[in-house]
Amino acid sequence: MEVIHSWSCPRSLSTALMYSFAQRDDTEVLDEPLNASFLKATGADRPYRDEIFASMETDGHKVVKDIIYGPGKKKYRFCKNLAKHRILGLPSEIISKGKHFILIRNPVHILPSFDKVIPLSFLDVGLADLVSIYSDLCQLGTPPPVIDADDLQRNPEATLRGLCHDLDIPFQASMLKWEAGPIPEDGVWASWWYKTVHESTGFSSPRKYPRTFNMRHYDLLEHCLPLYNTLRRHVKGKSSLLASPLAPPSLPVPENAKIFAWVGDEILPREMAKVSVFDSVVQGGDSVWEGLRIYKGKVFKLEEHLDRLFDSAKALAFNNVPTREEVKAAIFKTLITNGMFDKTHIRLSLTRGKKVTSGMSPAFNRSGCTLIVLAEWKPPVNDSDSGIVLMTATTRRNSPTNLDSKIHHNNLLNNILAKVESNNAKADDAIMLDKDGFVSETNATNLFMVKNGVVLTPHADYCLPGITRATVMELVVKENFILEERNISLSEFHTADEVWTTGTIGELSPVVKIDGRVIGEGEVGPVTRKLQSAYKKLADDSGVPIPTYQKL
């Protein structure tokens, strides 16, 4: 006989699932066989405590060895377990033997009905125990399937078929229906807890609308939800109301699946790194940001980026801004925690912070700014050898009379609309013109061109005066090229000898075609290559060192 362990919290449809398995012709079921040993060990009070002690074995060792793993008459034994019943001192076989799966349910749905019989507590919900069981099984090399009760209700057949597949047992259609009323295997507590199951003949559809949540359970819910969400990430094929129909996308750099990010005042794993729905960046894109690159244990141009970050925050009248040293500390801690000392890009954001209520007014911001440090493994995104292709967008660059691009803000819809155009045209990026038709920049980078040996770049009237742009302008002069900063028409870029873009994430990216016109010889030009080499040397040789970094 093979034992199948179901581990769950109370009020998670675990009894309905037990009834489902009881309909199989190859399976016998056990209803919470460890309940009596749990009550004896913990002294927990129950209205049916005496009945349990009179009818069940209280010695956990005997339960595991003689009842759970004892002889049986069928191929499988389904053991319905509550996670909290796995008390200390039980034989290790309770986890190391048999097949296991985890059944979860959103505590928003668990808590309202729980305390009809016993007082509600974090211990009795048992989500911490459920996470512990999942972790222990993973450490044994046998990560268990995780199913969500909501999926059982929405699509019981698909969920059960998937569970049976993961358990390597055949699905039986009989699992979908049962006769109303109790079954002989019910625990003695059935009259207190199983009324709904006894009235059912299968998995009921979920309520269209939930019950009103009892706010006296709100604090407990806040403790429980992170644990539920930890397990929910391991559910395959979630079918929630707003779930995406798309398959999970692959990451450009797979190593970024497991990274840490700084949010507010703490470092969090990728899937837990979130901001409040009341944060200003959600409410109105009210945030400033910087892009930073890490080269060989150093943060390139860190001080310059922080200067602009704080200038932008001041221009937007942010209050309670973290200090420069606090921002640096968050950057360094994030990099060190991730072990990122090279080939790394940081998206550094500072929002106006969380509001006390939804709305546009900064008067609702009373908690200080929210700092976000998102570090990723990321090589330069543009092709520095073959070159990139640009097209000219119909979307014009913001004028300083509307929204000054010198404020490095997160409200990027102007840029995004241009990027939509380039995506539709299958170009790498879009050139954006100013209101007079002169070239400003691309949707993401600054622009340079070469004509007859002279290097030109547009005035920074409409475009962001980028830090990489300023660095390259200094290198142009250092390498003894003539530099001109002036209004440049689109036709001048079409007929240029060389063109490149500049930005932190792509460094110097050569442009080989604009609006179908081949630039120069259609390959990386000599001025571009010389400046690329000078930029690489500068990036390798300068920057603010990351504490604790040891050069190998």
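Up top is the structure these notes are about.
As a starting point, this report considers the structure included with it. Numbers given for residues are sequential positions, taken from 1 along each chain in its written order. Local features are withheld for residues below a pLDDT of 70 in this predicted model, meaning they are given only at 70 or higher, and side-chain atom pairs are given and counted only at 80 or more; totals for whole chains, interfaces and linings count all residues. With hydrogens and water excluded, all non-hydrogen atoms of the structure serve as input to the side-chain values.

### Some points on the side chain of His5
Considering the arrangement of structural elements, one finds His5 in strand 1 (residues 2-8). Using a relative accessible area of 0% as the deciding quantity, one classes His5 as buried. Polar side-chain contacts of His5 include one of 2.9 Å to the side chain of Tyr69. The secondary structure listing takes helices from DSSP runs of H or I that are at least 4 residues long and strands from runs of E that are at least 2 residues long, numbered from the N terminus. Categorising residues by exposure relies on relative accessible area from a 1.4 Å probe, with only protein chains included: less than 20% of the type maximum marks a residue as buried, more than 50% marks it as exposed, and the intermediate range marks it as partly exposed. What qualifies as a polar contact is a pair of N or O atoms within 3.5 Å, subject to a donor-acceptor requirement within protein and to the restriction that residues adjacent in sequence count only when both atoms come from side chains.

### Examining the side chain of Asp31
Take Asp31: it is sitting in strand 2 (residues 27-31). According to the relative accessible area criterion, Asp31 is buried, its value standing at 7%. Within the local environment of Asp31, its side chain forms a polar contact with the backbone nitrogen of Gly187, the two atoms lying 2.7 Å apart. In this structure the side chain of Asp31 is engaged in a polar contact, spanning 2.8 Å, whose partner is the side chain of Tyr194. Note on definitions: a residue-residue contact is assigned when non-hydrogen atoms from the two residues lie within 4.5 Å. In this structure, Asp31 is in contact with Met18, Lys80, Glu185, Asp186, Gly187, Trp189 and Tyr194, ignoring residues within four places of it in sequence.

### So, the packing of helix 15 (residues 302-315) against helix 16 (residues 324-338)
Think of two packed helices as two axes; the pair is described by the angle between the axes and how far apart they sit. Interaxial angle, 0 to 180 degrees, is taken between N-to-C directions of lines fitted to C-alpha atoms, where a helix line uses only the stretch in contact. Relative to each other, helix 15 and helix 16 sit at 125°, their axes nearing to 11 Å. By the angle class used here, helix 15 and helix 16 are oblique. Crossing handedness for the pair helix 15 and helix 16: right-handed. Here Leu302, Glu303, Leu306, Asp307 and Phe310 of helix 15 lie close against helix 16, whose contacting residues are Arg324, Val327, Lys328, Ile331 and Phe332. Residue polarity is assigned by list, with Asp, Glu, Lys and Arg as charged and Ala, Val, Leu, Ile, Met, Phe, Trp, Tyr, Cys and Pro as nonpolar; anything else, Gly included, falls into the polar class. Class assignment of the residues belonging to the contact of helix 15 with helix 16 gives a composition of six nonpolar, no polar and four charged. By definition in this entry, angles of less than 35 degrees are roughly parallel, angles greater than 145 are roughly antiparallel, angles of 65 to 115 are roughly perpendicular, and the rest are oblique. By definition, any crossing whose near helix is turned counterclockwise from its far helix by less than a right angle is left-handed, and any crossing with a clockwise turn is right-handed.

### Some thoughts on the packing of aromatic side chains
Pairs were defined over the aromatic rings of Phe, Tyr and Trp, the Trp ring being its six-membered one, requiring ring centres within 6.5 Å. Orientation was assigned from the angle between planes: stacked under 30 degrees, edge-to-face over 60, tilted for the rest. A complete count under the given rule lists nine aromatic pairs for this structure. Measuring from ring centre to ring centre gives 5.1 Å for Tyr48 and Trp192, while their planes differ by 55°; the resulting arrangement is tilted. A residue pair is termed long-range when its members are at least 10 positions apart, and Tyr48 in the loop between helix 2 (35-42) and helix 3 (49-55) and Trp192 in helix 11 (residues 190-193) qualify at 144 residues. With relative accessibility at 4%, the residue Tyr48 sits in the buried group. With 5.5 Å between their ring centres and 10° between their planes, Phe448 and Trp500 make a pair best called stacked.

### Considering helix 4 (residues 60-68)
Three- or four-residue spacings in an α-helix give side chains the same orientation, since the helix completes a turn every 3.6 residues. Here helix 4 has its buried residues at Gly60, Val63, Val64 and Ile68. One face of helix 4 carries all of its buried residues, which in axial projection span an arc of 95°. Looking at the buried side of helix 4, the elements it contacts are strand 1, strand 2, helix 2, strand 3 (76-82) and helix 5 (93-96). The distance from a side-chain oxygen at the start of helix 4 to the backbone nitrogen of His61 is 2.9 Å, and the residue carrying that oxygen is Asp59. To obtain the arc, one takes the directions from the helix axis to the C-beta atoms.

### Observations regarding the pattern of salt bridges
Each reported salt bridge corresponds to a side-chain nitrogen of Lys or Arg within 4 Å of a carboxyl oxygen of Asp or Glu. All told, the structure shown has 32 salt bridges when counted by the stated rule. Between Glu290 and Arg308 there is a salt bridge, with its nearest N and O atoms 2.7 Å apart. Placement of Glu290 in strand 8 (residues 287-295) and of Arg308 in helix 15 is noted, with a sequence separation of 18 residues between them. In this structure Arg308 comes out as buried when scored by relative accessible area, which is 13%. Here Arg469 and Glu485 are joined by a salt bridge, their closest N and O atoms 2.6 Å apart. Taken as a pair, Arg469 in helix 18 (residues 467-478) and Glu485 in strand 17 (residues 482-485) lie far apart in primary sequence, 16 residues in all.

### Regarding the nonpolar core
We call a set of buried residues a nonpolar core when its members are Ala, Val, Leu, Ile, Met, Phe, Trp, Tyr or Cys and they connect through side-chain atoms within 4.5 Å of each other. Ranked by size, the top nonpolar core spans 75 residues in total, and within it Leu17, Phe21, Ile68, Phe101, Ile102 and Leu130 carry the most contacts. Examining the composition of this core, we find that six residues originate from one element, helix 8 (residues 127-139), more than from any other. With residues near it in sequence (within four places) discarded, Ile68 still touches Val3, His5, Leu30, Pro33, Leu34, Val63, Arg77, Cys79 and Ile94. Leu292, Ile331, Met340 and Leu348 belong to the second-largest nonpolar core, a separate cluster that totals 27 residues.

### Observations concerning the sheet that holds strand 11 (residues 370-377)
Strand order in this open sheet of seven strands is 7-6-11-10-8-9-21, and the pairing throughout is antiparallel. A single partner strand is all that each edge strand has here, and the edge strands are strand 7 (266-269) and strand 21 (544-545). When DSSP finds two or more bridges between a pair of strands, those strands are recorded as paired. Looking at chain direction, strand 10 (residues 344-351) and strand 11 are connected through eight bridges and run antiparallel. Pairing of His345 across the sheet is with Glu376, part of strand 11. The strands touched by helix 15 are strand 8, strand 9 (298-299), strand 10 and strand 21; relative to strand 8, the strand with the most contacts, the crossing angle is about 175°.

### Some details on the sheet that holds strand 4 (residues 99-104)
Strand order in this open sheet of five strands is 2-3-1-4-5, and the pairing throughout is parallel. Edge strands, defined here as strands with exactly one partner in the open sheet, are strand 2 and strand 5 (146-148). Here the average twist between neighbouring strands, direction ignored, is 25°. As paired strands, strand 1 and strand 3 are joined by seven bridges and run parallel to one another. Along strand 3, the bridge assignment pairs Ser8 with Leu82. Its contacts with the sheet put helix 8 on strand 1, strand 4 and strand 5, and the angle it makes with strand 4 is roughly 145°.

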